[in-house]
Amino acid sequence: MEKISATYFDGELGIASSVTIQSVDHNLRIQFDSDRHIIDWPIDDLRLTEEVHKGQPVRLRRSRQDPGRLVVEDGRAVDDLLRMSRRLRRRDYRHRAATKRAVFWVGMLGLAVVAVWRGLPLAAEPIASMVPLKWEEALGRAVKKQVFLLIGGKGGTCDGVAGHRALTRLVDRLGGTMKHRYTFRITVINSDFVNAAAAPGGYIIIFRGLIDKSTGPEALAGVLAHEIGHVIERHGTENIVKILGLSAILSTMTGNTSGVVGESTAIATNLIAKGYSRDAEREADEIAIRMLNRTNIKGAGLVSFFQWVATKQGSSQGLGAYLSTHPDSMTRAARIKSRTTGTGPAMSDQEWQAVKSMCR
Amino acid sequence: MAVSHLDEQENFSDIPKGPKTATAKPVPTDRPELVYDGKASEILILFLTNVVLNILTLGFYRFWGKTRIRRYIWSHMRVGDDRFEYCGTGLEIFVSFMIILVVFYAPFIGLVTWMTVDPPYDTPQANIIMLNLVFLVGFLIIFFLYYVAIFAAYRYRVSRTIWRGLRGNMWGSPWIYGCIGAGLGMLNVLSLGWTKPWADAVVFRYRMQRAGMGDAPFLSRMGCGGMYVPYLVAWMITAVVVVAAYSVLISLIVGELQAGRPPSKEQLAWIQYANLFGYLLILLAWQLASPWYKKVMMHNIAGTLRFRGGGFRAGFTTGQLYWLKIPNFLLLLFTLGLAFPYTIHRTAKFTARHISIGNDVDIFGLRRGEADGPRFGDGLAEFVGIGGL
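The rules we used
- Residues numbered from 1 in each chain as written.
- Chains lettered and ligands numbered in written order.
- Predicted model: local features only at pLDDT ≥ 70, side-chain atom pairs only at ≥ 80, totals over all residues.
- Heavy atoms only, no water.
- Helix = DSSP H or I, 4+ residues; strand = E, 2+ residues; numbered from the N terminus.
- Buried < 20%, exposed > 50% of the residue type's maximum accessible area, 1.4 Å probe, protein only.
- Contact = heavy atoms within 4.5 Å.
- Axes fitted to C-alpha atoms, helices over the stretch in contact; angles between N-to-C directions.
- Parallel < 35°, antiparallel > 145°, perpendicular 65-115°, else oblique.
- Left-handed = near helix turned anticlockwise from the far one by under 90°.
- Nonpolar A, V, L, I, M, F, W, Y, C, P; charged D, E, K, R; others polar.
- Salt bridge = Lys/Arg side-chain N within 4 Å of Asp/Glu carboxyl O.
- Pairing = 2+ DSSP bridges.
- Patch = residues over 30% accessible without salt bridge, like charges linked within 9 Å, V, L, I, M, F, W, Y side chains within 5 Å.
- Areas by Shrake-Rupley, 256 points an atom, 1.4 Å probe, with all protein chains shown as cover.

Caption draft 1: Structural view of the overall build of chain B. A tally of regular secondary structure across chain B gives 13 helices and ten strands. Out of the 389 residues in chain B, the part that is buried amounts to 49%. For chain B, long-range pairs separated by at least 24 residues make up 74% of all intrachain contacts whose partners lie at least 6 apart in sequence.

Caption draft 2: Highlighting the packing of helix H5 (residues 124-159) of chain B against helix H6 (residues 174-190) of chain B. Residues and elements named next belong to chain B. Running from amino to carboxyl end, H5 crosses H6 at an angle of 130 degrees, the nearest separation of the two axes being 8 Å. Compared by their axis directions, H5 and H6 come out oblique. The interaxial crossing formed by H5 with H6 has right-handed handedness. In contact with Leu140, Phe143, Phe144, Leu145, Tyr147, Val148, Ile150, Phe151, Ala152 and Arg155 of H5, H6 contributes Pro174, Trp175, Tyr177, Gly178, Cys179, Gly181, Ala182, Gly185 and Met186. Split by residue class, the contact of H5 with H6 holds 15 nonpolar, three polar and one charged.

Caption draft 3: Seen up close, the pattern of salt bridges. Residues and elements named next belong to chain B. Scanning the entire structure with this criterion turns up 25 salt bridges over all chains. Here Arg157 ties to Asp378 by a salt bridge, and the two come within 3.9 Å at their closest N and O atoms. Of this pair, Arg157 sits in helix H5 while Asp378 sits in the loop between strand E10 (355-357) and helix H13 (380-383), and the two are 221 residues apart along the sequence. Here Arg157 falls in the partly exposed class, since its relative accessible area comes to 23%. The buried category is assigned to Asp378, whose relative accessible area is 2%.

Caption draft 4: Quick look at the sheet that holds strand E9 (residues 196-199) of chain A. Residue and element names in this part refer to chain A. Strand order across the open sheet formed by three strands is E8-E10-E9, with mixed pairing between neighbours. Where the open sheet ends on each side, the last strands, each with one partner, are strand E8 (185-189) and E9. Across the sheet, the mean angle from the axis of one strand to that of its neighbour is 20 degrees, orientation sign disregarded. Note: E9 against strand E10 (residues 203-207), four bridges, orientation antiparallel. Each residue of the ladder has a partner; that of Ala199, found in E10, is Tyr203. Docked against the sheet, helix H5 (residues 161-175) engages E8 and E10, running at close to 135 degrees with respect to E8. The strands touched by helix H7 (residues 217-232) are E9 and E10; relative to E9, the strand with the most contacts, the crossing angle is about 20 degrees.

Caption draft 5: The arrangement of a nonpolar patch on the surface in detail. All names here are of chain B. A cluster of nonpolar side chains, Leu133, Leu136, Phe139, Leu140 and Met186, forms an exposed patch at the surface whose accessible area comes to about 470 Å². No other element matches the four residues that H5 contributes to the nonpolar patch. For Leu136, the position within the fold is in helix H5. With a relative accessible area of 47%, Leu136 lands in the partly exposed category.

Right, here's the structure in full:
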C-alpha cells in the first residue's frame, strides 16, 4: 500500500502533526514527518470517529482509551485500508446517493405508519384480553367514580328496588346470550342527561334522561345491549391501550418532547382515537342486534329511539354528547331495522313502571 | 454592515468592528472562523431513519438516533480547518435514561396508578387530596430536575466534544445548578417575570464560567445590562396577549355553559381545544415579542465571554433572529415535529454565520484538561421535555 499523508493529534497537546500512514502487517503505521517517530495501530482496532459524508475528511481513532486522532483529508486514499478492518462498515464511509437513501426511508416510514395505524387496534385486543378481571373491575370503579365526579351532579343515584331488580334481570337476560366473564352492575344516575355509559369490568351507568326519553322498555333494552357489547368486547380497556400506545409512539417518534411538538401530537392522538372509537360503536351495535335477536326482544323500540334522536340531533346538548362519538343515527336506525327479528317485549308493564319510577 | 450592539466594547479592541479598526489592525489570514458545512438533506435522512426505527423499537432507538445526528452536526462544525468531534454514545444516554426511569419515574407512575385504581383512603375527599399532594410533590421535583437536566445535558455535551484531539471540560454540579435555577425560576414566577433578565444572566454566567476546552477555562463577566428594556417590551406584548386571550376564552366558556347543567362531552372537548389554542397563542406571542430581548442577551453572552486572552462576538440583528425563530416555531407546530432536523440545521448555520471568534483568542496552544466528564449521558433531559437534541 502506498504512503498517504495525514494529520495526527496526540490528545495531550492540541498540536497538529503531519504524518505519513501506510499499512504494515495488519497495522496502520503512523510515522511523524518531523522526527520519523512511529506509532502502530492494529487495523482491526480502527474506528471512525463518525460516519463520513461527501466532502468530509476521514477521521480515525483506536480505542476508547486512546485519545489519539488521525485525520485523512482525502478519504478515497484510505478506502483500501478501511476495507481491511473488520470493525468498519463500508456504508459508514461510502454512503449511497442521498436521493436513494431518502426514497428508501420515506418508503419505510410509510410502511411503519400504516403498520401502526392498522396494527394498533389489532394489537390492543390481545393486550386488553390479558388484563385480569380484577384489574378491569378496579379500572371500571375508577371510571365510574370519574363519571360521578364529572356529571353525577347533585341528583345522586336512583335506588328504587323494584326498578333496579327489573333492570338487572334485563341485563342478565341480554348478557346471558353471550359468553363472557363479567357480572353486570347497574347504576342509575338522577340526571337529565340522555345517555348511558359502560365502564370496564361490567359497570353500566344509565342517566335518568335516557329512561325518560325511551319510548318503551325495548328502546332501553337496545341501548343497554349496546353498552353490554362495549363491556364484553372490552372496548374501554382496549381504548386505554390504544391511546397509551398511540401517544407513546407519536411522542417518541420524533424524539422531541418540547412544548409545541407535545401539544400538536396530543391533538393528533385525540383525532385518531376518535376514529378508533367509531369502529368500536359499530361493533357494539352488532352485538346489541345479536342479543336482541337471541332474547327475542323487539328491535322496533330501539329503531324509533334512534329516529327520534336523529330529529333532535344537535338541538339538545345531552343528545349532542351522546352522538359525538357515535355513527350517524339514521344509518344506525336503518341497519337495526333491517337486521332485528325479535317480536317480544323486554319486560312486563309492571317492571317498566318500576323502572320509570326509580328516581322518585 | 452596521456595527451591532455590544455591551462591553472595551473587550473588543482587537476585533474588527468596522472599516476603521480593520485598517488599523489587519486581519491575519489564519484567523479562526466558525464554519458549518452540513447539508439539510443529510440531516433529514438521518432524522427519517430515526423516526422509522423509533416506531419499530417503541422509541428506544432515539438515544442512538440522537447520537448520530449530534455526530453529524459536530463533525460539520469547524473552527478554521479543524472539525469538532462528538464522542458520546447512544448507550451512555440509554443507561442514564434507564436509571432515572427505574429510580424515579416508574415508582411515581406506579404510585399514581395505585392511588387512582385502588384508592387507599375511605373517603373520596381524602383520596383526592392525597393524589393532588402527590402531583404537587411530583411537579416540584420535576421543576427542580428540569434545571438539573439543563446543566447535566450541557455538561455531557461539552465533555463529549473533542477539538484537535482535546476534550471539552465542565466543572460544577448539576445539583447546585438545579438549586440555583429552580430558585430563580420560582422567583421569576413570584415576580411575574420581572426578575427574568437578571436570573437569565446569573444562570448563563454560571454555565459559561464552568466550561472549558482542554486545560483552558472560559470566563464570563455576564451581567444583565441592556437586557431590561427589550425584556419589558416583550413582557408587555405577551401580557397583553395573555390577558386578551384569557378574557375572550373565559367569556366564551361562561356563555356556552348553562347554569346548573353539566358540561357535555362536546363542550368539554371544545373547552379543551380552546384552552390549547390559547396556550399556543401565548407561545406564539412570546416568540414574536422576544427576539429583540434574545438578541441582546445572546450578544451579551458572546460579548462578555473570554477564552485564552480573547473574546467573542455575536453579529446578528433582531430581524435575522426573527427569520431564524419564527419559521422554526411554525415548522415544528405544523409538522408535528417532523421538521425538527431542518430547524436544527438552520440554527447551526445561523450560529456559525453570526458568532465570530476574536483573532486574539489563542486557540492553538491548548493542552489536555484534567476532568474526565460524567460517566453517564443526558437521559434526564428526556423526562423534563428538553430531550430534542
